[in-house]
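Per-entry structural report
The lines below spell out each chain.
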Amino acid sequence: MRNPQWFRILLLLLGGMSLFIGLCGGLWRLGWILPHGASFAQLHGPLMISGLFGTLISMERAVALGRPWAYLGPISAGLGSLMLVAGLPSIFGASAYLLASGALALASLLILRQQPALFTAAMLFGALAWLTGNMLWLLGGAMPDLVGWWLAFLILTIAGERLEMSRLLPRKAGSEALFVMIIGLLAAGARNGPTDDNGAVLFGLGLLAATLWLFRHDIARRTVQQKGQTRFFAICMLLGYVWLGLAGAALLLWPPPAMAFGYDLALHAVLIGFVISMVFGHALIILPAVTQWRVAYMPWLYMPLTLLHLSMLLRAVGGLAEWPELRQVSGILTVLAIMAFMLTMAGAAWRSRRHRRSGQAALLPPGSALPKARS
């Protein structure tokens, strides 16, 4: 399907709106005083997971599938965020997110039928986990009871993408059965809820098993020895796996029924340390595919990546030491890391565009007019 570039950019802007308001809500939860902070805080989880990541993942899948109806996913996710931000009852936003996750699940099922493989199955299970979480939210479920499904959505989607990139590597016998067992552990933990004693153990074991499996089978272990953009990708992946494993350990060592610290650390280690680190790594691939913008790698990308993981480290230490001021600082650093990354990516896109125009000008004969660049 060919669709206007502005249409995809508009969907990205809706995802950006979810990111901005979701981050404001997160800062309010950490104790920062912000306008409308209390209302934004209630939307923090849905906007960050369904509004931001749901929109981006649905759009990526729609672009890959190339079917017009698949864009119902990102459109519904973006509209759901708009309705929540506009102050409409949550049932409207939850219904839109449910429609988005249903479209993503259908698109993922079609991709699995076209290309039966472990990585496409993992993406389908991830979409079904998002669908389950949205259904529970629509039915009035509390966030701690359904957040496990949302986390499973992100974890399995990323795992599927990494498996796709590493599918040519040899695997030992039984590795696929082990991965199916990991899906079962995550599903069982999400079913019981990460705040439940039994659910925390199951989900924590699933996170640890997923970490070890991905460390073993991801091509990043080899590409980290290369240079430039390839090395940056690999470092983002490997750092993310460290936080994924720490999230699992936190649920086992500090189970939520006994300590709130374990739940907070596990939740944000997955969302910040793992998921956003993966976004930083994949952005140089996904952004050109979605927007048709050429983006050149820049070593400056290590600055926001370092800030991101430093912020997660401060959050973990602040929670363990019961030092709320340190957790507040960590929130500001997370926001700065994301803003710095977006600015660096914008600079990289501008740099690529300038070099492209210069190359076109160099090929023109003297006196020729420069062709208008596509926006």
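Residues numbered from 1 in each chain as written. Predicted model: local features only at pLDDT ≥ 70, side-chain atom pairs only at ≥ 80, totals over all residues. Heavy atoms only, no water.

**Here's the deal with the side chain of T344**
Along the chain, the position of T344 falls in helix α14 (residues 324-363). Take T344: its relative accessible area is 11%, and that puts it in the buried class. (Helix = DSSP H or I, 4+ residues; strand = E, 2+ residues; numbered from the N terminus. Buried < 20%, exposed > 50% of the residue type's maximum accessible area, 1.4 Å probe, protein only.)

**Some details on the layout of surface pockets**
Its boundaries defined by the atoms lining it, the largest pocket holds a volume of some 980 Å³. Lining the largest pocket are 34 residues; nearest its centre among them are L12, L56, V279, A283 and L287. Contributing elements (two or more residues each) for the lining of the largest pocket: α1 (5-29), α3 (44-65), α7 (143-165), α12 (260-291) and α14. In terms of residues, the lining of the largest pocket owes the most to one element, α12, which gives 10 residues. Tallied by class, the residues present in the lining of the largest pocket amount to 28 nonpolar, 4 polar and 2 charged. Considered as a void within the structure, the second largest pocket measures approximately 710 Å³ in volume. Taken together, 34 residues line the second largest pocket, and the ones lying closest to its centre are H44, D264, L267, H268 and R315. A per-element tally of the lining of the second largest pocket places α12 first, with 9 residues. (1 Å grid on protein atoms, 1.4 Å probe; cavity = no way out; pocket = protein on both sides within 12 Å on 5 of 7 lines; lining within 4 Å. Points joined across faces, edges and corners; volume = space filled by probe spheres on them. Nonpolar A, V, L, I, M, F, W, Y, C, P; charged D, E, K, R; others polar.)

**What about the packing of aromatic side chains?**
Under the counting rule described, the total for this entry stands at 11 aromatic pairs. Aromatic side chains W137 and W150 sit 6.1 Å apart centroid to centroid with 75 degrees between the ring planes, which places their arrangement in the edge-to-face category. Here the residue W137 occupies a position in helix α6 (residues 118-138), and W150 occupies one in helix α7, the gap between them amounting to 13 residues. Each of the two residues, W137 as well as W150, counts as buried. Here the aromatic rings of F232 and Y302 are separated by 5.2 Å at their centres, their planes lie at 90 degrees, and the arrangement is edge-to-face. Here the residue F232 occupies a position in helix α11 (residues 228-253), and Y302 occupies one in helix α13 (residues 302-320), the gap between them amounting to 70 residues. For F232, a relative accessible area of 0% translates into the label buried. Taken together, the ring pairs connect Y97, W137 and W150 into an aromatic cluster. (Phe/Tyr/Trp six-rings, centres within 6.5 Å; stacked < 30°, edge-to-face > 60°.)

**Considerations on the confidence of the model for the protein chain**
Here the protein chain shows a mean pLDDT of 87. Residues at 70 or above account for 92%. Confidence scores differ between elements of the protein chain, with α14 showing the lowest mean pLDDT of 79 and helix α5 (residues 90-114) the highest of 96. (pLDDT = per-residue confidence, 0-100.)

**Structural notes on a positive patch on the surface**
A surface patch of like charges, here positive, comprises K172, R216, R221 and R222. One can find R222 in helix α10 (residues 220-223). (Patch = residues over 30% accessible without salt bridge, like charges linked within 9 Å, V, L, I, M, F, W, Y side chains within 5 Å. Areas by Shrake-Rupley, 256 points an atom, 1.4 Å probe, with all protein chains shown as cover. Salt bridge = Lys/Arg side-chain N within 4 Å of Asp/Glu carboxyl O. Lys, Arg positive; Asp, Glu negative; His and termini not counted. Charge placed at Lys NZ, Arg CZ, Asp CG, Glu CD.)

**What to know about the packing of α7 against α12**
It is at 11 Å that the axes of α7 and α12 come closest, and there the two elements cross at 35 degrees. Taken as a pair, α7 and α12 cross one another with a handedness that is left-handed. Taken together, the residues of α12 that come into contact with α7 (itself represented by P144, V147, L151, L154, I155, I158, E161, R162 and M165) are Y263, L267, V270, L271, F274, V275, M278, H282 and I285. Within the contact of α7 with α12, the residues separate by chemical class into 15 nonpolar, 1 polar and 2 charged. (Axes fitted to C-alpha atoms, helices over the stretch in contact; angles between N-to-C directions. Left-handed = near helix turned anticlockwise from the far one by under 90°. Contact = heavy atoms within 4.5 Å.)

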